[in-house]
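Remarks on the overall topology
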Amino acid sequence: MSGKPKLHYFNGRGRMEPIRWLLAAAGVEFEESFLETKDDLTKLRKDGSLLFQQLPMVEIDGMKMVQTRAILNYIAAKYNLYGKDLKERALIDMYGEALMDLNELLLTHPFQPADKKEQHFANMIDKATNRYFPVFEKILKDHRQDFLVGNQFSKADVQLLEILLMAEEFKPDILAKFPLLQSFKARISNIPTIKKFLQPGSQRKTPIQEKDVPKVMKIFY
Ligand code: GSN
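Just so you know, these numbers come straight off a predicted model, no measurement behind them. (Residues numbered from 1 in each chain as written. Predicted model: local features only at pLDDT ≥ 70, side-chain atom pairs only at ≥ 80, totals over all residues. Heavy atoms only, no water.)

**Let's talk about the site of the ligand**
Selection criterion: Nearness of a residue to a molecule or strand requires only that one of the residue's heavy atoms be within 4 Å of it. Pairing of N or O atoms within 3.5 Å defines a polar contact, subject to two protein rules: one partner must be a possible hydrogen donor and the other a possible acceptor, and residues neighboring in sequence count only if both atoms are side-chain atoms. Computed by Shrake-Rupley with a 1.4 Å probe, the accessible areas treat only the displayed protein chains as cover when residues are assessed. Residue polarity is assigned by list, with Asp, Glu, Lys and Arg as charged and Ala, Val, Leu, Ile, Met, Phe, Trp, Tyr, Cys and Pro as nonpolar; anything else, Gly included, falls into the polar class.
Contacts to the ligand come from Y9, R15, R45, Q54, L55, P56, Q67, T68 and F220. Here an oxygen atom of the ligand and a side-chain polar atom of R45 are 3.0 Å apart. A distance of 2.7 Å separates a nitrogen atom of the ligand from a polar side-chain atom of Q67. Relative to its unbound accessible area of 530 Å², the ligand is 76% covered by the protein chains. In terms of residue class, the shell around the ligand is made up of four nonpolar, three polar and two charged.

**So, the packing of helix α4 (residues 86-108) against helix α5 (residues 117-143)**
Rule in force here: With axes taken as lines fitted to C-alpha atoms, and helix axes fitted only over the stretch in contact, angles between N-to-C directions fall between 0 and 180 degrees. Helix numbering and strand numbering both begin at the N terminus, where a helix is a DSSP run of H or I of at least 4 residues and a strand a DSSP run of E of at least 2. By the definition adopted for this analysis, an angle is roughly parallel if under 35 degrees, roughly antiparallel if over 145, roughly perpendicular if from 65 to 115, and oblique otherwise. Note on convention: the crossing is left-handed when the near helix lies turned anticlockwise from the far helix by less than a right angle, right-handed when the turn is clockwise. Any two residues whose heavy atoms approach within 4.5 Å at even a single point are treated as in contact.
One way to put it is that α4 packs onto α5 with a least axis distance of 10 Å and a crossing angle of 155°. Put simply, α4 runs roughly antiparallel to α5. α4 and α5 meet at a crossing whose hand is left-handed. Contact with α4, carried on its side by Y95, A98, L99, D101, L102, L105, L106 and T108, involves H120, N123, M124, K127, A128, Y132, F133, F136 and I139 of α5 and no other residues of that element.

**What to know about the packing of helix α1 (residues 17-25) against helix α3 (residues 68-78)**
Following both chains from N to C, one finds α1 and α3 inclined at 5°, their axes separated by 10 Å at the closest point. In terms of orientation, α1 lies roughly parallel with respect to α3. Judged by residue contacts, P18, I19, L22 and L23 of α1 engage T68, I71, L72, I75 and A76 from α3.

**A few points about the nonpolar core**
In plain terms, the rule: For the purposes of this section, nonpolar cores are sets of buried Ala, Val, Leu, Ile, Met, Phe, Trp, Tyr and Cys residues that join through side-chain atoms within 4.5 Å. For every residue, the accessible area obtained with a 1.4 Å probe (protein chains only) is divided by the maximum for its type, and the residue is called buried under 20%, exposed over 50%, and partly exposed between those limits.
I19, F133, L148, F153 and L181 are the most contacted members of the largest nonpolar core, which has 69 residues in total. Considering every element that reaches this core, the biggest residue donor is helix α6 (residues 155-170), with nine residues. Excluding residues within four positions of it along the chain, F153 makes contact with A25, N80, L81, F147, V158, I188, I191 and I194.

**Re the pairing of strand β4 (residues 63-66)**
Filter applied, for reference: Being paired, for any two strands, means DSSP has found at least two bridges between them.
When strand β3 (residues 57-60) meets β4, the two strands line up antiparallel, connected through four bridges. Bridging from a neighbouring strand, V58 pairs with M65 of β4. From the end of β3 to the start of β4, which pair antiparallel, there are two residues, and D61 there has a positive phi angle of about 50°.

**Details of α4**
To be explicit about the condition: By definition here, a helix of n residues has an expected span of 1.5 Å times n minus one.
Across its 23 residues, α4 extends 32 Å between first and last C-alpha, which sits within 8% of the 33 Å expected from 1.5 Å per residue. Considered for burial, the residues of α4 that qualify are E88, I92, Y95, G96, A98, L99, M100, L102, N103, L105, L106 and L107. Where α4 is buried, its residues meet α1, α3, α5 and α6. Between a side-chain oxygen at the N-terminus of α4 and the backbone nitrogen of K87 the separation is 3.2 Å; the capping residue is D85.

**Topic: the packing of aromatic side chains**
We apply this condition: Only Phe, Tyr and Trp rings take part, Trp by its six-membered ring, and two of them pair if their centres are within 6.5 Å. Stacked means planes under 30 degrees apart, edge-to-face means over 60, and tilted covers everything else.
For the structure shown, the criterion picks out seven aromatic pairs. Centre to centre, the rings of F121 and F170 are 6.3 Å apart; their planes meet at 65°, and the pair counts as edge-to-face. With F121 in helix α5 and F170 in helix α6, this residue pair connects regions lying 49 residues apart in the sequence. What makes F121 partly exposed here is its relative accessible area of 30%. A residue is classified by how much of its surface remains accessible, and F170, at 25% relative accessible area, is partly exposed. Plain terms: the ring middles of F133 and F178 are 5.9 Å apart, the flat faces sit at 85° to each other, and that makes the pair edge-to-face. On the criterion of sequence distance, the pair formed by F133 in helix α5 and F178 in the loop between α6 and α7 (179-189) is long-range, its members being 45 residues apart. With respect to class, F133 is no different from F178; both count as buried. Through successive ring pairs, a cluster of aromatic residues spans Y9, F10 and F220.

See below:
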């Protein structure tokens, strides 16, 4: 056994992408096993690998972990990306959960039916611009530190950067009114492990293409 974590998911972003980001940020090498068909999922379900019959699943430290947030929290705690005390951890969790809520809107957008897409897009941009980004801009403005929590790199910074870049893919000028988020983006993107992950050829995934939506739907439904 290589000892590297092994990620089981389809070959796309979805719910696995924040896990890929966090491992990469921690400088941890990982392997990936990509599901191509419903049979691949059935096989994992039948052999008892999926506690709740769902993906993502990550083999790590002898466990078959499921539930995206549990996996993220384990990696954050293991690699010291989870603050230095309980209160910092509480903040990291609050920021992280908000970012997961926003992430849910972004990652489900390509899967919306044609007649709901426009409304979904408007809601997604509204929530990013008027609910979530102003909060993170204010946090950075109030403490004037490089990182969101405790002046130390954490899971929350990784999650925020991932979302900022994803939101820009949907609307390139979405950060126009958020100067501190712009400088945060530049700063965190320059951390060596992250810089490497952002380069072509890394295990970072590209946005899902319209043509791949049915293929992914067929695996899960
Ligand atoms: O965060 C989590 O890991 C869980 N609370 C949700 C996991 C989930 O919904 N997984 C989907 C595929 S990943 N994309 O959404 C899944 O396995 N769906 C099939 C099913 O039977 O629920």
